[in-house]
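# Per-entry structural report
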Amino acid sequence: DAGVTQSPTHLIKTRGQQVTLRCSPKSGHDTVSWYQQALGQGPQFIFQYYEEEERQRGNFPDRFSGHQFPNYSSELNVNALLLGDSALYLCASSLEGRYNSPLHFGNGTRLTVT
Amino acid sequence: GNSVTQMEGPVTLSEEAFLTINCTYTATGYPSLFWYVQYPGEGLQLLLKATKADDKGSNKGFEATYRKETTSFHLEKGSVQVSDSAVYFCALILHSGNTGKLIFGQGTTLQVKP
């Protein structure tokens with residue numbers, strides 16, 4: 001049973017560029033959430049996707065956008081990269097309707113903006 | 001607002017020592033509480049959880065009790081091992097929300113020496 005998988009594992013981009021990160025949820029899960037974890041900090045909620053729509057959003061600018069596909073996989077897009085976007089980006093999946101069920105996290109994508 | 005505060009690390013212990021990592025929270029609603037662990041180079045794994053006051057979550061020798069009167073959820077283990085070295089995150093989710101939006105503390109690094 002495959003868990004949450006993310007790609008790529010590492011990425012280096014230049015300020016001003018755009019980046020796309022990808023996530024496949026755990027088998028049987030239909031909801032995907034994205035988090036940003038800056039070095040030495042706890043993860044911060046970016047947004048959540050369910051039924052191919054953004055359902056909740058944290059305090060992140062519109063440069064951060066996403067998409068969910070019919071197979072429940074998801075992408076996170078960041079435009080006009082800033083140095084401060086350097087972080088570990090974590091994807092987590094869950095099953096809708098079970099609010100106390102635990103999130104399953106992937107190992108993350110380490111983004112470095114130079 | 002809703003927030004989680006953890007004791008600052010790093011916490012350095014010798015093998016078989018007793019561990020306590022303090023966690024307190026502020027919540028406008030009635031949260032569920034979680035401890036997640038992050039090993040180097042990996043994503044977050046759920047360690048234990050508690051969904052209502054006086055519940056005790058436990059797993060792998062770790063325990064935490066949901067204390068509503070002190071708004072706390074301190075993590076304890078009676079005898080730590082070198083393999084417990086990791087970053088530990090306390091987190092909450094509000095019952096009025098859905099599964100995805102966890103609010104994390106800043107994390108506490110545990111180093112266990114042989």
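Predicted model, so just to flag it, every value in this text is computed and none were measured.

Residue and element names in this part refer to chain B. Of the two faces of strand β12 (residues 108-113), only the one carrying T108, L110 and V112 is buried; T109, Q111 and K113 on the other face are not. Bridge count for strand β2 (residues 11-14) against β12 is four bridges, and the pairing is parallel. Directly across from V11, in β12, lies its bridge partner L110.

Moving on: the environment of K26 of chain A. Residues and elements named next belong to chain A. With respect to the helices and strands, K26 occurs in the loop between β3 (19-24) and β4 (31-37). Judged by relative accessible area, K26 falls into the buried class, the value being 18%. Sequence separation between K26 and A2 is 24 residues; the distance between their C-alpha atoms is 6.1 Å.

Next up on the list: the sheet that holds strand β3 (residues 19-21) of chain B. All names here are of chain B. Pairing is antiparallel in the open sheet, where four strands are placed in the order β3-β9-β8-β7. Pairing within the sheet leaves two strands with one partner each, and these edge strands are β3 and β7 (56-59). Each strand axis lies, on average, 15° off the axis of its neighbour in the sheet, ignoring direction. Across three bridges, the pairing between β3 and strand β9 (residues 75-77) is antiparallel. Residue pairing in the sheet places I21 in a bridge with L75 of β9.

Moving on to the state of the cysteines. Linking two cysteines covalently via their sulfur atoms produces the bond known as a disulfide. Scanning all chains against the criterion turns up two disulfides over all chains. Covalently, C23 of chain A is tied to C91 of chain A through a disulfide, its sulfur atoms 1.8 Å apart. Residues C23 of chain A and C91 of chain A are joined through a disulfide that is left-handed, its torsion about the S-S bond being -60°. Taken together, the residues span a long stretch of sequence, with C23 of chain A in strand β3 and C91 of chain A in strand β9 (residues 87-94) at a distance of 68 residues. The pair formed by C23 of chain A and C91 of chain A is uniform in burial state, with each residue classed as buried. A sulfur-sulfur distance of 2.0 Å marks the disulfide that ties C23 of chain B to C90 of chain B. Looking along the S-S bond of the C23 of chain B-C90 of chain B disulfide, the torsion reads about -70°, which is the left-handed sense. You can see C23 of chain B sitting in strand β4 (residues 23-26) and its partner C90 of chain B sitting in strand β10 (residues 86-94), a full 67 residues away along the chain.

What counts, and where the lines are drawn
Throughout this document, residue positions are counted from 1 along each chain, in the order its sequence is written. Chain A is the first chain written and ligand 1 is the first ligand written, with later ones labelled in order. With the structure being a predicted model, the display of local features is reserved for residues of pLDDT at least 70 and the display and counting of side-chain atom pairs for 80 or more, all residues being used for whole-chain, interface and lining totals. Side-chain descriptors were evaluated using all non-hydrogen atoms of the structure, hydrogens and water having been removed beforehand. Remark: exposure states derive from per-residue accessible area (1.4 Å probe, protein chains only) relative to the maximum for the residue type, with buried under 20%, exposed over 50%, and partly exposed in between. Secondary structure is summarised from DSSP: a helix means a run of H or I of at least four residues, a strand means a run of E of at least two, and numbering begins at the N terminus for each. When DSSP finds at least two bridges between two strands, those strands are taken to pair. A fitted line through C-alpha atoms serves as each axis, taken over the contacting stretch for helices, and the angle formed by two N-to-C directions is quoted from 0 to 180°. Criterion for a disulfide: a pair of cysteine sulfur atoms at a distance within 2.5 Å.

It is worth stressing that arrangement in space is one thing and function is another; only the former is reported here.
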